[in-house]
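Breakdown of the fold
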Amino acid sequence: MMDQAVAVIAVDGPSGSGKGTICQRIAAVLGFHYLDSGALYRLLALAARRHKVPLEDVEDLSVLAEHMDISFRMNADGDHPEVILEGEDVTAQIRTEEVGAGASKVAAIPAVRTALLSRQRAFATAPGLVADGRDMGTVVFPDARVKIFLTASAEERARRRYNQLIGKGESVSLPGLIEQVRARDERDTRREVSPLIPAEGAEVVDTTGVDIEQVVETVLKIVRNAGISTYRV
Ligand code: DC
């Protein structure tokens, strides 16, 4: 079981809410560990492909989820985390659309989610953890000291995605992306397993039209109000 003395800050929300960037900033300010739980589902999809485990094979997928050889480390500049699978840096590979689609499939399997529970909880070590995901405050860390639900309007999240894709040289339509984001919200909030909803007691932070620095300040204020010191000793 989790060490109750370790402070956990659970941050949930849809993609495009700015969660990843904000969680990494908060973890750096506090000197806490950072868990990118979405990366675990992405790693599982990639590991399944490598080991030729079909995404429908619930039993083998669960075994793989429990035993896959993964680790996280900071890059040489110390400014972003790298993701390692079986000794190989797969940071870029897990971000492809194909792996993302696989991650979404495996994340819908209850046995897989259960198999990943203890692996996620193992990240809660001293001095503390910032856990980023969809069900951190509801399922994985129900006793978290702080629970935050980050969100933004569908239009704004679609616009952020649009800018990312245009930056990568892809041609996409903004209205099409807005439709996709709305459809995904509908699926995510209604699904039976770990639906994407704010945990009880979570503070909802809307990042629509707010810059990253301001959101970081707002989250740090919530963290301080919960009695967690934001000054590193
Ligand atoms: O945040 P992300 O795009 O890296 O997440 C990858 C997939 O995993 C996405 O389909 C949502 C899912 N996910 C989840 O179901 N639960 C989490 N705690 C984190 C991610």
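Before reading further, recall that the structure is shown in the block above.
Criteria and thresholds
- Residues numbered from 1 in each chain as written.
- Predicted model: local features only at pLDDT ≥ 70, side-chain atom pairs only at ≥ 80, totals over all residues.
- Heavy atoms only, no water.
- Helix = DSSP H or I, 4+ residues; strand = E, 2+ residues; numbered from the N terminus.
- Rg over C-alpha atoms; globule rule 2.2 N^0.38 Å.
- Buried < 20%, exposed > 50% of the residue type's maximum accessible area, 1.4 Å probe, protein only.
- Contact = heavy atoms within 4.5 Å.
- Areas by Shrake-Rupley, 256 points an atom, 1.4 Å probe, with all protein chains shown as cover.
- Near = heavy atom within 4 Å.
- Polar contact = N/O pair within 3.5 Å; in protein donor to acceptor, adjacent residues only side chain to side chain.
- Nonpolar A, V, L, I, M, F, W, Y, C, P; charged D, E, K, R; others polar.
- Pairing = 2+ DSSP bridges.
- Axes fitted to C-alpha atoms, helices over the stretch in contact; angles between N-to-C directions.
- Salt bridge = Lys/Arg side-chain N within 4 Å of Asp/Glu carboxyl O.

1. Describing the overall build of the chain
Along the chain, the regular secondary structure elements total nine helices and eight strands. In terms of overall size, the chain behaves like a compact globule, its C-alpha atoms giving a radius of gyration of 17 Å where 233 residues would be expected to give roughly 17 Å. Out of the 233 residues in the chain, the part that is buried amounts to 43%. For the chain, restricting intrachain contacts to residue pairs at least 6 apart in sequence, the fraction spanning at least 24 positions comes to 73%. Carbon together with sulfur atoms contributes 52% to the accessible area of the chain, which is approximately 12,100 Å² in total.

2. A closer look at the site of the ligand
The immediate surroundings of the ligand are formed by 14 residues, with Ser37, Arg42, Arg113, Arg134 and Asp135 found nearest. Between Arg42 and the ligand, the recorded distance is 2.7 Å, taken from a side-chain N or O atom to an oxygen atom. Relative to its unbound accessible surface of 450 Å², the ligand loses 87% to contact with the protein. Residue assignment for the shell around the ligand shows that the elements contributing at least two residues are helix H2 (37–50) and helix H4 (97–107). Ranked by the residues each element gives to the shell around the ligand, the list is headed by H2, at four residues. Of the residues contributing to the shell around the ligand, the split by class is four nonpolar, four polar and six charged.

3. Some remarks on the sheet that holds strand E4 (residues 81–85)
Here three strands make up an open sheet; going across it, the order is E3-E4-E5 and the pairing antiparallel. Edge positions in the sheet fall to strand E3 (70–74) and strand E5 (88–89), since each of these pairs with one other strand and no more. Across five bridges, the pairing between E3 and E4 is antiparallel. Opposite Arg73, over in E4, you have Glu82 as the bridge partner.

4. Some details on the sheet that holds strand E1 (residues 7–12)
Read from one edge of the open sheet, five strands run E2-E6-E1-E7-E8, paired in parallel fashion. Each edge of the sheet is formed by a strand with only one pairing partner; in this case those strands are strand E2 (33–36) and strand E8 (203–206). When the angles between neighbouring strand axes are averaged without regard to direction, this sheet yields 20°. Direction of pairing for strand E7 (residues 146–151) relative to E8: parallel, over a ladder of four bridges.

5. Here we look at the side chain of Ser17
Relative to the helices and strands, Ser17 is located in the loop between E1 and helix H1 (19–30). Of the polar contacts made by the side chain of Ser17, one reaches the backbone oxygen of Pro14; its length is 2.7 Å.

6. Remarks on the pattern of salt bridges
Should the charged atoms of two oppositely charged side chains come close, the side chains can pair. Inspection of the entire model under this criterion finds 16 salt bridges. Between Lys19 and Asp132 there is a salt bridge; the shortest N-O distance is 3.3 Å. Taken together, the residues Lys19 in helix H1 and Asp132 in strand E6 (residues 128–133) connect sequence positions 113 residues apart. Exposure class is identical for Lys19 and Asp132. Each is buried. The closest approach of N and O atoms between Arg191 and Asp188, which form a salt bridge, is 3.9 Å.

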